[in-house]
Structures are given as C-alpha cells and as structure tokens.
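If you want the building blocks of each chain, they are given just below.
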There are 2 protein chains.
Amino acid sequence: MSKLTDVPKRILIGRALRSDRLGETLLPKRIALPVFASDPLSSVAYAPGEVLLVLSIAGVSAYHFSPWIAVAVVVLMFTVVASYRQNVHAYPSGGGDYEVATTNLGPRAGLTVASALLVDYVLTVAVSISSGVENLGSAIPFVVEHKVFSAIAVIGLLTVMNLRGVRESGKLFAIPTYVFVAGVFIMIAWGAYQSLVLGDTMKAPTADFEIKPEHQGLAGFALVFLLLRAFSSGCAALTGVEAISNGVPAFRKPKSKNAATTLALMGGLAVTMFCGIIGLAMASGVKMAETPAHDLLRDGVPVGSDYVQNPVISQVAAAVFGQGTFFFILLAAATALVLFLAANTAYNGFPLLGSILAQDRYLPRQLHTRGDRLAFSNGIVLLAGAAMLLVGIYEADSTKLIQLYIVGVFVSFTLSQTGMVRHWNRHLRTEKDPAVRRRMVRSRAINAFGATFTGLVLIVVLATKFTHGAWVALLGMVIFYGVMSAIRKHYDRVAAEISAPDEPGDETARPSRVHSIVLVSKVHRPTLRAVGYAKLMRSDKLEALSVNVDPAETKALRDEWERRSINVPLKILDSPYREITRPVIEYVKSIRRENPRDAVSVIIPEYVVGHWYEHLLHNQSALRLKGRLLFTPGVMVTSVPYQLQSSEAAKRRAKKRSEWNAPGAVRRGPVDPRHGKEPAQQGGPGNGTGTGTGTGKA
Amino acid sequence: MSKLTDVPKRILIGRALRSDRLGETLLPKRIALPVFASDPLSSVAYAPGEVLLVLSIAGVSAYHFSPWIAVAVVVLMFTVVASYRQNVHAYPSGGGDYEVATTNLGPRAGLTVASALLVDYVLTVAVSISSGVENLGSAIPFVVEHKVFSAIAVIGLLTVMNLRGVRESGKLFAIPTYVFVAGVFIMIAWGAYQSLVLGDTMKAPTADFEIKPEHQGLAGFALVFLLLRAFSSGCAALTGVEAISNGVPAFRKPKSKNAATTLALMGGLAVTMFCGIIGLAMASGVKMAETPAHDLLRDGVPVGSDYVQNPVISQVAAAVFGQGTFFFILLAAATALVLFLAANTAYNGFPLLGSILAQDRYLPRQLHTRGDRLAFSNGIVLLAGAAMLLVGIYEADSTKLIQLYIVGVFVSFTLSQTGMVRHWNRHLRTEKDPAVRRRMVRSRAINAFGATFTGLVLIVVLATKFTHGAWVALLGMVIFYGVMSAIRKHYDRVAAEISAPDEPGDETARPSRVHSIVLVSKVHRPTLRAVGYAKLMRSDKLEALSVNVDPAETKALRDEWERRSINVPLKILDSPYREITRPVIEYVKSIRRENPRDAVSVIIPEYVVGHWYEHLLHNQSALRLKGRLLFTPGVMVTSVPYQLQSSEAAKRRAKKRSEWNAPGAVRRGPVDPRHGKEPAQQGGPGNGTGTGTGTGKA
C-alpha cells in the first residue's frame, strides 16, 4: 500500500488513516484544547477591537468604560462555560445544543438551534478569514491591500483542502494555537513588566491620534444603549464555546470529565487574553474608530480613506515588541493562522452537524453515512459559497461581518440552557437520592442562570444589532429552517406512501411469472455472458431482443445467432427511425398488457470502463433505456457487467477514494462503542485476503 | 395531446412533428433550394466586399481587376456545381463528400474530409453571424457598435433554439431567402436601369473617399499574388455548395435529378448576384479598405478608428435605393436573416455529419441514433462554443474570419472530386454499354477538371492565406482528425477485446449457480416488491441482506422481518463506521471466493421519483453501491423500481422529450426506405393505446 510518491504527502499531512483505525485517534486534553478551542481563543484577535470601536462613537473618553465591558464579558464567559459543563455531563453523545434542545424542548426548538448553528458556521468562516487577513495584513501590507481577493483565496484554499480530504490532525492545530496563546501571554506579561515595573510608556502606533466623536457627550439612555452595543460586540469572544459539547465522543475517557476540564481551561485562557489585550490597549493608547477615514485625526486632520486600521492585537504587539520585530511578525502570523484554523473548524463542524440532522431526516440521508465523499463535498461547497458571498458583499470587513455573527450563537446558547433546565426538572421528578438531587438542583441553578443571562444578551444583541446586519443572519436561519422542514416533510410523505401494508398477504397484484428479455446488439463476450446469466435465472420465458436500426447489422446478428446455435429465441424489433428506447419500452408494455401478472426482467449487457471519456463512448443508449425502464411498472432491470481491461484504472481510483478522510472525522470520534470489532463476514478463518484491505484489492 | 398553452408555440414554429411522421416531410425543389442554399447564397453578402478589400491594398486603381476576379469565381462556381451534379447522381445516399472520399480514396481521405467539414461548420457559424451583424448594423447602428456582444447573443439564441429542438421548417427558410434573392435582383435591375437607361450617377456613401494604397504601383509577381489573394477571398462565395450533396435523401423523387436541378439553380442565382453586386459596386464607386481607419481618406484625412465600414451590399443598396429607405432597410434585414439562417445550417449539418461519422465509429455511437437529444446537445454546444471562441478572438470581424474559412471547403472539394474520378475509373473498368460509358467518360472529365481546378484553388488559398489565419483552420482539422482517429482506435480495441471466442463451447468459467441477495434497509413496499420479484426468479440460493449502521433500526428490521414471516433468510452485516458499500462488496466477494462458480445477483429496491431534488434525497447509497458492484466480477445488479406518485411528473417530461425534433432532421430525410411501415410490435389489433402515442402514456 505504500508508494514512494506518497512520502511527501505523508510528511506534510500525516499518514492517511483508514476509517476502521479511527478508534485509535481519541484525543487527549492537550490536543483536544487546540482542536476545539481555536475558534473561541482566536476571537480575542477581533473582539477587543470591536469593543473600542463602538465606544469610540462617544469619543475617546468613553474608552474608560472598556474595563467594565470586559468584566461583563468575563462574567458571561464564566456563566456560559459553567452551563456547558453541565451539558457535557448530561449529554455525552455529541449531539450538542441540537440534541439538548430537541430532547427537552421539542423538534422545533431543535431545528431552530440547528439553523442557528448552520448560519454560525458560515459566519465563522467569513469572520475568521476576514480577521485573519487583517492580522496578516499588519505584517504583509499586500494582503490587506487586496483584502477581498486574499480572503476569497484563503477560503478557496481551505475548501480545496477539505474537498481533497486533508485529515484534521491534532498537531496541525496544536502548534499554531499554542504559539498564539504563548505569544499573547508573553506579550501581556512583557507589557505589564514594562509599564508597571520599568515604568516605560508604551506607545501604540495610533497613540497620538485623536478621535472625532460622532456623538459628543452622550448620556442617559443613549449612553446605556452604546455600552450595550459595545458589550454585544465583545460577546464575539464567546463564539465557538459550544464546539466542545459537540465533540465529547472524541475525548479520551473519562470523556465528559475531560471535556468539562478542557472547557474550563479554554474559558480561563480566553478571558485572560481578552482582558490582557484590553488592558494593554488602554495602557498603550490604541485608538480605534468605526469609520477611521473621517473620525480618526492625525495632527487634527482626518487620516483619509487610504488609512488601514490595524487590529488591536497587532497595535498592542507593535507597542510591546515594536513594529516589524521578530516577535511582532511571529504573533501576527500565529494570529492569522489560528484564525484560519478557526475557519477550518466550521468546515469540520458543518458536515458533522449535517450528519446528525440527516439521521433525523432533516437533510438528505446520505449525509448520515460517514465518509460519503459526495455528500460532504456538497456541504463544503455550500459552506464555502455562502462564506465567499458574505465576504464579497461585506468587503471582507470583519467589523461589518461581526454584526451578523453573534445572533445565532446566542439563540443556541439560550435554547440549549433552557432545555437543560427542563432536563433537570424532569430528572428531579424521579430522582430520590438526596446527594444526586443536590447536584441536580445546583446544575439546574447554573443552567437557569445561564439561560436567563444568555437570553438577555440575545435580546441586547438583537436590539443593538438588528439594523446593523443581524437581520441577515436571521434571514439565513429562516431559510435553513424552511428547507430542512421541507425535506423532513418529503421523507415523511414518502415513508407513508411506501409503508408496508399491515396484513402480510395483502399484495394482490403480486406477479406470478417472469418474462426475461436479454437486450442484444451484437454477439460478443458481454452478450454471451448476459445470455448465460439469464439462463441461470430460470425465468418462465426467456428471449433475446434486438432493435433493428441497421438492416445489415441485424442480418449479421441473426446469422451469428443461428451459427452459434444459442438456444434462446431472438426477437427483432423494427425501428425505422433508429430509436432504441421507444421500441423496447413499447414491447415491454405490450407484454405487460397481454399478461398483467407477468413481471418483465430486462437484462442489459454493459461494458465497464475505467475513464470518464470511455463512458461517453459506451453504454449511453443502455443507460438511457435503463432510466426509462425504471418508470415502467412491473419491470426489473438487470445489468450484467463485463469488465474491460481499462476498468482496472477505475478500481484503483475507487480504492484511493475509499481511503479518503471525511472532514470532521477527528472531532466526531468513533461512532460505535464496539469499534475495533471486525464485522463477522470479514476476517473469518480461511479468508486469505485478510480484513480491512479495502474493496479495490481482491 | 393538444394543450392551450401550445397554441402560441405552434403559431410561431409550426406544429411539432413526431419523428415517425418524418416521411411526410420530403422537400420539393422550391423549398429545398432555400433550405440547402441559404449558406452559398448568403455568401454574396460578404464575398464581393472581400475581393475589393484585398485589391485596395494596391490602391483604388486595382479595382478594375475586380470583374476579372468575378469571372474566375463564376468559372469556378460552374465547375464545382457541374462536379457536384455528378456526385448527387452517383451517391444519392446523403453521405456527401465524406462518403465519396472514403469509398474511393480510403478511410484516411474520408476522415480528412470529415475534419475539414467539421471545421467549416464552425466557421460557417462564426462568419455568417459576424457578417449578419455587420449587415444588420448598417441599418441599426447599435448592433455594430456592440458587435462582439451582438454576434455572441445571436449565436446564443440559435444555440438555445436548436437545443430546444426548433424544427427546421421549410417556410422559415423560404420566406427570408426568397425575399433576399428577390431584393438583390430588384436592386441589380433597378441599378442597371438607373445607370444604363436613365444615365444617373449612383453614388455609394464612400464614393468620394480615397484609398491610401499600402503598396503603390504593385506589379509583377507581387501583383499576381495580390490578385490570387483577392480571388481566394472571392471563393468564399462557394462555401456551402456541397450541402445539397449531403441532403439528397431529403428531396422528393426523383431525388438525384431534383437535387442536381436545385444545385444548378443555386449556382446560377449565386453567380448572378455575385457579379451584379460587384458591378453595382464599381458603378457606384464603393471604396473598401483593409484597415479603413488608416487607409480610407475622407477629404484627404484618414477616417479614424470610429469609422464603421459597411458591407458592399449595404453600400450598394444605399446607392440604388437611398440610405434609410424602406427597401434599404428591408434588404439589410433580409440579408442579416439569411446569414443567420446560413449559420443555422451548420447547427443542422454538424449533427448530421456527426451521425454518419458515428456510424463509422469515429464519434460516440449514440450520435448515430436519430433524436438522441443528449448526443445532439453535446454537438451543438461544442459547435456554438467553438464559434463563440472564434468570434471573441477575431472580434466578430468577418474579414478576419474569412481568412480561416475557405481552406476546409476546398480540401473537401478537391478530395471529393478526386474520389469521383476514381469512382468513374472503377466503373469504366466493368461497364460495357457504350452509351453509359460515354456518359461516364464525360462525368469523369468534369470531375477531373473540378479536382484539378479546386486543387489549384486550394494551393492558392493555402499560399495566400496561411499566415493570415488559414493555419488556425488547419490546426482545427488536425485536432478533429486526431480525436476521431483515437475514438475509432478505442472502439476497435474494445471490439477485439469483447469479440466472442470462435468455439461456441469455449467459455470455461461459465457460472453454474446463482446466489441472489436482496438488499434491505426497512420493510416497506419497495422492499416487499423486490423480495417478491427475487422469489419469482428461483435462484439457487436467496437471502436478504442488510447493513447494520444503526443498531436500533437493525433490531426493528429484524423484528418486522420475523413478524411478517417473510420466508427469506435475513443476513445482517456489521458496519461499525456506518459504511454501506464496503461491507456489501466484501460480502459479495467472499461468496465468490467460497464458490467461484456461483454468480451473485444483487437485487436493489429503488424508489423512482419525479424531480431532480428528490433524486438528491433518495437512492444515493444504492446508486453508489451499484456503481461499485459493476466492477466486481461475477455479479449482476438488478434494480427493482418502485414508482412513487411524484414519478408521474418525470414521465410527463419524458413524453415531452420524446416529441423533440433533432436538428438536421429535415435535411437528413427518412432513414429507411421502408419508412411509414409501423414496427410490428406497435399498432397491432386490440392495442388500445394506438401507435405513436409516445412512451410516456400508457
């Protein structure tokens, strides 16, 4: 199985794991943290800036509210983390918010959560990539000068990688995430040391700028509204927290406990980084404006539309390490990389959620099957297309995109926590053990507080952001909800239509005899094989059928048929207009008309070829005919394949495909508790090929 | 069959003819002339201008050579028409130049002719549309100001019309063609009357312009070369002459005689119009320059790049009728329309030639079947794409495109006439009757002269136009030749691989028993039907097979199977990773390993649905599995369809499709001498549905 050409690929992305080895890839905490937390951790790259940006509307004096907003975000983060620690204990199956809402609040709530999450995945890609491009741009100006192009190129790259099935590898996530976290912590520590111990004044690149407030001296309700809006923007730091609750099955045992610990770790890291960056921004005098071209003044003059407003994290890094220094570049690169990984998270989460929804028949059934490449591809292309559209419309501006972002997250937070309250209520009704009851009551209190708090935040977010773009996210949710409901309805309708009648003997029109027809155009090996197989089937009547499109060929066929004394009668249908499909269909129908209780078995010899262009050259009329026959009642259509030599090429390709790794495989964990046990039909004694060698081998 | 909504369509494009009524549509001469001759007749719209344009290189004084060039073109036209009159008598089957060359000069010559004709069809579209846009632009300036856009839009329109299967109707061709011919003749007569009888001086819009010669005082070899180049351009008038020889079967009887008469008529009309327009152009002082922006002077100053050089025919019409008069507009419109019809000719000829090539296995077999919509569609899209590409590259400039045009035509003329000489030689060897021999000798003389003359013209065209663009056409021919040879080679290789062994009893590995497997996921009607059919087939062993992707569902299936006491054993395959394909394939292989002489029959229940989006929701795993099973030796795959209610929609669509008319149907004529005879299986007594009602009805 090992080929020389595979070596570079293996070095780059690790050895391709066969899916039956998936059981070995359970994640330890130190790997699970970067895999699941790159999304929430990376959001400290944009969330602090968004807070300052909104506050700047009331002028730079409003910046002194930022620590209070940071405190509010920290409290919220702790609330959400505490709530989700209850979730992972109660629902370790990986269904996440969708499962919790469906189980406790009913399918409509579940579908709402699912719609919200799907929208959120799209926005995770759009926001993370845009922010990543902005961060990379602080080190490489070219990138930010061609922002939309760069963002779309990165999305394109991630899409191709995921379509080709690059396996999520723990290491791939771990290195940039830990470099990023370490970098931010070093920056905070070094900054604190410089200003508190050495007493140096750090100066951000924008320290000497002034802000022209849009609304001078904002007070009362207007100020409160502005503070709430700044808080809403800060809540972007919470996106992705729920990812761990979807990934419990991927953890090593004890799964729930490890997941809960990882969740707490992630929360702790995120809030420290968030607060540290806000603190450094205040200390170094970072100035951010909502519309920098007009409102940011350098020496009293607006900076103009050429000015590129770098992210807070990069301005702070410039203040602490110095613009363009090694550490500055390293942190910018790590930040961008973590943001791209956060986007990649959505590429994995989208099909994962899709497969759960497919199980409940809200999405096409084939999404349910792990490793169905085609199905995953459709999902990935949909995700990438929607994200590219948003990036194009909003010009890859992370500030604009964040307006859309947080609604979905808080819809699912609120519904999930509400569901958890119901969950505990239900269990408390039956639970007798006082110790367990005490734990449940405490959990319920945490979840109730979480539901209330996140519900309030949701209202705040809707109120402050609806006109700024949140309506787009809501519209997206409505569309997903509508499509998924329609699919479910369709499946239900079909299920009703095909459900077996209750009395086993009810089928009155069951056919009594089989009339078999082998379609023949020439006497060659595929035909002889088809005739041979047809004879084996011992149907009540067997005949060979040919359509006369060319009298000379037909005569040759008839002669050859005689000469070989093939003891199956050959019937010739005339077709003055060289059609094949129509005469055959008419003939089949005439059989059914004459003997309504006969089933007609149409046997078609088929060449199997290995290349798509060969496909164009063969079997086209057979395919067309098969398609039409399927619409004819009382017919079964049998293909007798004849494998041409070139079909080996297709076999090799199929084998390669079977080694493809579906996105989301790592974070999904193995499906079945009985993993490792081989199916009974494989690996039996005397089975020379051995098990798990792939379908393309024997 | 008649629906209210069809009425407007019927008024517009005539009643859709079912293909079994095709026999009734044989063409009388008065209709055949416009159908087949719109291409050569329309070329008088651009050929005269091309002659003047080339001559202008030596200055306006060289214009006095134009009558001599016209004479040369007339002689050539008579030669070619006389030659092809021999062709239609000798080869009335409609194979045209391809058949003549293949039969008499061998398959390579035939394939060369075919490649040349295919390239020519592409160029017919590109040149005719570009010239049509230029002519229309003389009346509607907007069109010529957006020339490339207009040309591509017209190609797009023709493509859509032909993809949708608008039937070539004789009337559609007749009216504009006769209006055009009549218009040109009236113009010539009226112009001659004005200048010869009334003695008026007609003045073309460019009569007062001067031409700055690129090469002053050209003489000797250079002048001869220029005259030859002008003659080559004039030869554009001969394109499309061979169309009639491809269309003999579409004529009323006596086919060959009628075709020959039509050919003579067409030649007479074409040369009269060609000479008349050249004469009027000389009389009215038309000035054409190769690069008008620099070389055309108004009051001694170059006209500049804004100047639009109108076609000769429109300048002459302006001189005779007056710019913007009713007749002027009418002629411009008729000219444009005839040119568009000439382009449409290629849409019909391309698939027609394709079907003949497919019969000889140079193109995919399915092209051979009349009315195979998919195959025709591919051909039409290929034709339109190539023409659009050329129009785009050459900016819809008919003068530039004509440089590519004439090579292919003269390749096929020369080879065809050479082939005819061989044809007569062969017949003369056996023919005894002196009267017949005399006719044959005369025909041979005509064809020999034709072959020599057209061969010389081919050399002239190649010599004078190679660097101007003829190399592109040659490259196109080489590509077509290469692809078609490769296809033929592939078919030959496959035919050798599958050819039946000579001894009838040679097949050693013929299977002796059948092991049938019904794939089952749930107990519903499709499953029960499949099991019922499978039982009818009385195979040696029958079992139902299910893959356990969800233990709960599997248990439900097992219970239901027991409860209904379906007396077929149910086997469950484990699949810890929720795969379906792999376990089934492995199981089938294991059966074959244990009993190599067993054939395995896999029976798959399938839903048949009516809409593409329903397809996405059903059968995907079954389809994937079928695809993989076909690569497994010793397997036959049976689909047992279950028609859902929605499948009725697909049936209706299929019926509509079956009424589609393939492009080229009218000019191809009926296939079979026995047309009109119904196939034996249709229309028998007691057949309530009646014949020819389409497959989607009963």
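Here the structure is a predicted model, which means the values were calculated and not measured.

K.L.:
Is there a simple way to think about the overall build of chain A in this case?
P.N.:
Along chain A, the regular secondary structure elements total 25 helices and 8 strands. Among the 698 residues that make up chain A, the fraction classed as buried is 52%. Long-range contacts, defined as pairs at least 24 residues apart, comprise 83% of the intrachain contacts of chain A with a sequence gap of at least 6.

K.L.:
How do you make sense of the packing of helix α21 (residues 581–594) of chain A against helix α23 (residues 620–629) of chain A when you look at a structure like this?
P.N.:
Helices that pack against each other are described as a pair by the angle of their axes relative to one another and the distance between those axes. Residues and elements named next belong to chain A. Orientation of α21 relative to α23, taken along the N-to-C sense of each, is 35°, at an axis distance of 10 Å. In this structure, the crossing between α21 and α23 has a hand that is right-handed. On the side of α21, the interface is formed by T581, V584, I585 and V588, while α23 contributes R624, L625, R628 and L629. Here the residues of the contact of α21 with α23 are counted per class, giving 5 nonpolar, 1 polar and 2 charged.

K.L.:
Quick question: what am I supposed to make of unusual backbone geometry here?
P.N.:
In most cases, non-glycine residues show a negative phi, while peptide bonds are predominantly trans. Residues and elements named next belong to chain A. The amide bond that connects K253 to the next residue, P254, takes the cis arrangement and shows omega of -5°. Tracing the backbone shows P254 in the loop between α11 (243–246) and α12 (255–284). One non-glycine residue, R361, adopts positive backbone phi at about 65°. Structurally, the position occupied by R361 is in the loop between α15 (326–359) and α16 (373–393).

K.L.:
How should the confidence of the model for chain A be read in this particular structure?
P.N.:
Residues and elements named next belong to chain A. Per-chain confidence: chain A averages 82 in pLDDT, with 86% of residues scoring 70 or above. With pLDDT under 50 throughout, residues 1–24 is counted as low confidence; its partners more than four residues away or in other chains account for 26 contacts. Ignoring residues within four places in sequence, the model shows residues 671–698, a span with pLDDT below 50, making 46 contacts including any to other chains.

K.L.:
Whenever I open this one, the nonpolar core confuses me. Can you help?
P.N.:
Ranked by size, the top nonpolar core spans 161 residues in total, and within it F274(B) and V316(B) carry the most contacts. Per-element tally for this core: the top contributor is helix α15 (residues 326–359) of chain B, with 20 residues. If sequence neighbours within four positions are ignored, V316(B) has contacts with M187(B), A204(B), I277(B), L280(B), A281(B), S284(B) and V286(B). Judged by nonpolar contacts, the second largest core, of 160 residues, contains L33(A), V122(A), I402(A) and I406(A).

K.L.:
Looking at this model, I keep getting lost on the packing of helix α10 (residues 220–234) of chain A against helix α18 (residues 434–498) of chain A. Mind explaining?
P.N.:
All names here are of chain A. Contact pair α10 / α18: the axes reach a minimum separation of 9 Å and the direction vectors enclose 105°. Here α10 lies roughly perpendicular to α18, going by the angle between them. Facing α10, whose interface residues are F225, L228, R229, F231 and S232, α18 presents V460, V461, T464 and K465. Taken together, the residues that form the contact of α10 with α18 break down as 5 nonpolar, 2 polar and 2 charged.

K.L.:
For this particular structure, what's the right way to read helix α14 (residues 312–321) of chain B?
P.N.:
The α-helix winds at 3.6 residues per turn, so residues separated by three or four positions along the chain end up facing the same way. All names here are of chain B. Across the 10 residues that make up α14, a large majority, 10, are buried. Burial in α14 covers these residues: V312, I313, S314, Q315, V316, A317, A318, A319, V320 and F321. Directly after α14, the chain includes G322, whose backbone phi takes a positive value near 95°.

K.L.:
What am I meant to see in the pairing of strand β8 (residues 635–643) of chain B here?
P.N.:
Every regular strand shows the same layout, with side chains that alternate between the two sheet faces. Residues and elements named next belong to chain B. Of all 9 residues making up β8, 9 are buried, and the element is well covered by its neighbours. Note that strand β7 (residues 598–608) and β8 share 9 bridges and pair parallel. Within the sheet, the bridge partner assigned to V602 lies in β8 and is V637.

K.L.:
I would appreciate a short explanation of the sheet that holds β8(B) in the present structure.
P.N.:
Whenever strands of a sheet pair, they do so through backbone hydrogen bonds, lying parallel or antiparallel. If you trace the 10 strands from one edge of the open sheet to the other, you get β6(A)-β5(A)-β4(A)-β7(A)-β8(A)-β8(B)-β7(B)-β4(B)-β5(B)-β6(B), paired in mixed fashion. A strand with exactly one partner marks an edge of an open sheet, and here the two such strands are β6 (570–574) of chain A together with β6 (570–574) of chain B. Strand-to-strand twist of the sheet, defined as the mean angle between neighbouring strand axes without regard to direction, takes the value 30°. The pairing of strand β4 (residues 513–519) of chain B with β7(B) spans 6 bridges and is classified as parallel. Bridged to R513(B) within β7(B) is D598(B). Against the sheet, α21(A) makes contact with β4 (513–519), β5 (541–548), β6, β7 (598–608) and β8 (635–643) of chain A, and its axis sits at roughly 155° relative to β7(A), the strand it touches most.

K.L.:
What is the right way to read the sheet that holds strand β2 (residues 296–298) of chain B from this model?
P.N.:
Residues and elements named next belong to chain B. Taken in spatial order, the 3 strands make up an open sheet running β1-β2-β3, and their pairing is antiparallel. Looking at strand neighbours, the two that pair on one side only are β1 (210–211) and β3 (301–302), the edges of this open sheet. Pairing analysis gives 2 bridges linking β1 to β2, with the strands arranged antiparallel. Note that in β2 the partner of E210 across the bridge is L297.

K.L.:
Explanation requested: the environment of S42(A) in the structure shown.
P.N.:
Inspection of the secondary structure assignment puts S42(A) in helix α2 (residues 29–42). Residues within four places of S42(A) in sequence aside, it is in contact with S128(A), V338(A), L339(A) and A342(A).

K.L.:
What should I look at first to understand the pairing of β6(B) in this one?
P.N.:
All names here are of chain B. When strand β5 (residues 541–548) meets β6, the two strands line up parallel, connected through 5 bridges. Bridging across to β6, V547 finds its partner in L573. What joins β5 to β6 is helix α20 (residues 551–563), and the crossover it makes is right-handed.

K.L.:
Just to check I follow, could you spell out the environment of V241(B) for this structure?
P.N.:
Residue and element names in this part refer to chain B. Its location among the elements puts V241 in the loop between α10 (220–234) and α11 (243–246). Separated by 203 residues in the primary sequence, V241 and S38 place their C-alpha atoms 9.8 Å from one another. If we ignore the near neighbours within four places in the chain, the residues touching V241 are P40, V80, V81 and Y84.

How each quantity is defined
- Residue numbering note: each chain is counted from 1, following its sequence as written.
- Whichever chain is written first is A, and whichever ligand is written first is 1; the rest continue in order.
- With the structure being a predicted model, the display of local features is reserved for residues of pLDDT at least 70 and the display and counting of side-chain atom pairs for 80 or more, all residues being used for whole-chain, interface and lining totals.
- Helix numbering and strand numbering both begin at the N terminus, where a helix is a DSSP run of H or I of at least 4 residues and a strand a DSSP run of E of at least 2.
- Whether a residue is buried, exposed or partly exposed follows from its count of other C-beta atoms within 10 Å of its own C-beta, namely 20 or more, 12 or fewer, or something in between, respectively; the C-beta atoms are built from the backbone.
- Once C-beta atoms are placed from the backbone, any two residues with those atoms within 7 Å are in contact.
- Axis lines are fitted to C-alpha atoms, over the contacting stretch for helices. Their N-to-C directions set the angle, which ranges from 0 to 180 degrees.
- Working rule for handedness: look at the near helix, and if it is turned counterclockwise from the far one by less than a right angle, call the crossing left-handed; if clockwise, right-handed.
- Any residue that is not Ala, Val, Leu, Ile, Met, Phe, Trp, Tyr, Cys, Pro, Asp, Glu, Lys or Arg is counted as polar, Gly included; the first ten are nonpolar and the last four charged.
- Each residue carries a pLDDT score, the predictor's own confidence in it, on a scale running from 0 to 100.
- Throughout this description, the term nonpolar core refers to a group of buried Ala, Val, Leu, Ile, Met, Phe, Trp, Tyr and Cys residues whose C-beta atoms join them within 7 Å.
- Any angle that is under 35 degrees is reported as roughly parallel, and any over 145 degrees as roughly antiparallel; angles of 65 to 115 degrees are reported as roughly perpendicular and all others as oblique.
- By definition, two strands form a pair when at least two bridges between them are found by DSSP.
- A crossover counts as right-handed when, viewed with the strands pointing away from the observer, the path leading from the first strand over the helix to the second turns clockwise.

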